[in-house]
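Chain and residue survey
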Amino acid sequence: DGPPSALHRAMSGGLAGVMAQTFVYPFDVLRRRLQTGGPAMREKYPGSISGLWRLYKEEGVVRGLYRGCALNYVKTVPNTTVYLALFDYL
């Protein structure tokens, strides 16, 4: 039925942004801790998987792996929505 409408692309972009951030955000939390925590954090979180597992066990999902994620959604979802809605027009 032709190319997707701008509304369809916008909704797809918003959904893609939510899904991507939901998957990637725990790695971002771990990365920030390693960057700001110094050598002590490198010992505490020696690898990606073991670091995520320890973060989950010690702080849980909401207060550990996804701390601050809601603010990231506020930033990312509008960005991906507009970007994918306007991608073919610019």
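Because the structure is predicted, anything quoted here is derived from the model rather than measured. (Residues numbered from 1 in each chain as written. Predicted model: local features only at pLDDT ≥ 70, side-chain atom pairs only at ≥ 80, totals over all residues. Heavy atoms only, no water.)

Here we take up the packing of helix 1 (residues 6-37) against helix 3 (residues 48-59). Packing of helix 1 against helix 3 leaves a shortest axis separation of 10 Å and a crossing angle of 95°. The angle between the axes of helix 1 and helix 3 places the two elements in the roughly perpendicular class. Facing helix 1, whose interface residues are Pro26, Phe27, Val29, Leu30 and Arg33, helix 3 presents Ser48, Gly51, Leu52, Leu55 and Glu59. (Axes fitted to C-alpha atoms, helices over the stretch in contact; angles between N-to-C directions. Helix = DSSP H or I, 4+ residues; strand = E, 2+ residues; numbered from the N terminus. Parallel < 35°, antiparallel > 145°, perpendicular 65-115°, else oblique. Contact = heavy atoms within 4.5 Å.)

Here we take up the nonpolar core. Residues Tyr25, Val29, Leu30, Tyr45, Leu52, Leu55, Leu65 and Cys69 constitute the largest nonpolar core, which totals eight residues. Only helix 1 and helix 3 provide two or more residues apiece to this core. With sequence-adjacent residues up to four places away left out, tyrosine 25 is seen in contact with Arg32, Leu65, Tyr66, Arg67, Gly68, Cys69 and Asn72. (Core = buried A, V, L, I, M, F, W, Y, C linked by side-chain atoms within 4.5 Å. Buried < 20%, exposed > 50% of the residue type's maximum accessible area, 1.4 Å probe, protein only.)

A few words on the environment of methionine 41. Position of methionine 41 relative to the elements: it lies in helix 2 (residues 39-44). Each C-alpha atom of the pair methionine 41 and threonine 76 lies 28 Å from the other, and the pair is 35 residues apart in sequence. Excluding its chain neighbours within four sequence positions, the residues that come into contact with methionine 41 are Arg33 and Leu34.

Mapping aspartate 28 onto the fold places it in helix 1. By relative accessible area, which is 21% here, aspartate 28 ends up partly exposed.

This paragraph deals with a nonpolar patch on the surface. Together, Trp53, Tyr56, Val61 and Val62 make up a nonpolar patch on the protein surface, roughly 430 Å² of accessible area in all. At the level of secondary structure, the elements contributing two or more residues to the nonpolar patch comprise helix 3 and helix 4 (61-65). Positionally, valine 61 belongs in helix 4. (Patch = residues over 30% accessible without salt bridge, like charges linked within 9 Å, V, L, I, M, F, W, Y side chains within 5 Å. Areas by Shrake-Rupley, 256 points an atom, 1.4 Å probe, with all protein chains shown as cover. Salt bridge = Lys/Arg side-chain N within 4 Å of Asp/Glu carboxyl O.)

Inspection of the entire model under this criterion finds three aromatic pairs. Arranged with centres 5.5 Å apart and planes meeting at 40°, the rings of tryptophan 53 and tyrosine 56 form a pair that is tilted. You can see tryptophan 53 and its partner tyrosine 56 sitting in helix 3, three residues apart, about one turn around the helix. Its relative accessible area of 53% is what places tryptophan 53 among the exposed residues. (Phe/Tyr/Trp six-rings, centres within 6.5 Å; stacked < 30°, edge-to-face > 60°.)

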